[in-house]
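Coordinate analysis (summary)
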Amino acid sequence: MLFSRRLFLRFIVPAAIVVAIVAACPLWLGALGAYLVRAEEPDRADIAVVLAGDFAGNRILKSAELVRQGYVPKILVSGPAPLYGHAESDFAVSFAVQKGCPAYWFISFPIRAYSTTEEARAIVPELRRRNVKRFLIVTSNYHTRRAGNEYRKFSAGMEFRVVAASDDYFTADGWWRNREGRKRFLLEWMKTVAGWMPW
């Protein structure tokens, strides 16, 4: 009897816990993915701001959709970190034009920035210079919470909404099913945790 109890406590209970954790994977993995997403429905604004970092073109095309739907008349396209001598914003605008969007919708805005914080520090003053009162931030779904948090630090007196562009690999309820989705999840969580640090 004593042996059976020890066997139960040492092997069967831990095994049952592992099985329960594995069975619940979609729930807690989905919750961790969902935390990264804090997007809003678009509303009318003075301008849309496309954040850098999407090399598939989903963000720029989402912003064009907002113009077509009448939410904004113009789009400011962030363009940090020159690629082969060109700003990322130039590539993004060129891509959108190739997809049939009028070039006059877009304002390429090359900047020197290597983080969302630096990007916000550069973009918000430009929006103030343009007398923008309300703007839409367009970024990838997994980046919406962190982007909103960063822009709130610099945009006192202004209103904005964060609009999600879909990502080819990341969904909150299935990011772990493909390698690129797992990379996006891990990198975004690393940046999120780093943003919580006091320094």
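Remember, predicted model here, so these are calculated numbers, not experimental data.

Rules behind the numbers
Residues numbered from 1 in each chain as written. Predicted model: local features only at pLDDT ≥ 70, side-chain atom pairs only at ≥ 80, totals over all residues. Heavy atoms only, no water. Pairing = 2+ DSSP bridges. Helix = DSSP H or I, 4+ residues; strand = E, 2+ residues; numbered from the N terminus. Axes fitted to C-alpha atoms, helices over the stretch in contact; angles between N-to-C directions. Contact = heavy atoms within 4.5 Å. Salt bridge = Lys/Arg side-chain N within 4 Å of Asp/Glu carboxyl O. Buried < 20%, exposed > 50% of the residue type's maximum accessible area, 1.4 Å probe, protein only.

This brings us to the sheet that holds strand E4 (residues 134–140). The sheet built from five strands is open, its strands ordered E3-E2-E1-E4-E5 with parallel pairing. On the outer flanks of this sheet lie strand E3 (106–110) and strand E5 (159–165), each paired with one strand and no other. Geometrically, the sheet is characterised by an average inter-axis angle of 25° between neighbouring strands, direction not taken into account. As paired strands, E4 and E5 are joined by seven bridges and run parallel to one another. Bridging from a neighbouring strand, leucine 136 pairs with arginine 161 of E5. The strands touched by helix H3 (residues 58–68) within the sheet are strand E1 (47–50), strand E2 (75–79), E3, E4 and E5, with E4 carrying the most contacts at an inclination of about 145°. Across the sheet, helix H4 (residues 88–98) touches E2 and E3, and the angle it forms with E3 is around 160°.

Right, let's get into the pattern of salt bridges. Taken as a whole, this structure holds twelve salt bridges when the rule is applied. Between aspartate 43 and arginine 134 there is a salt bridge, with its nearest N and O atoms 3.5 Å apart. Highlighted residues: aspartate 43 in the loop between helix H2 (25–36) and E1 and arginine 134 in strand E4, separated in sequence by 91 residues. A salt bridge links arginine 130 to glutamate 126; its shortest N-O distance comes to 2.8 Å. Judged by its relative accessible area of 11%, glutamate 126 is buried. When salt bridges with common partners are traced through the structure, they connect Asp167, Arg179, Glu180, Lys183 and Arg184 into a single cluster.

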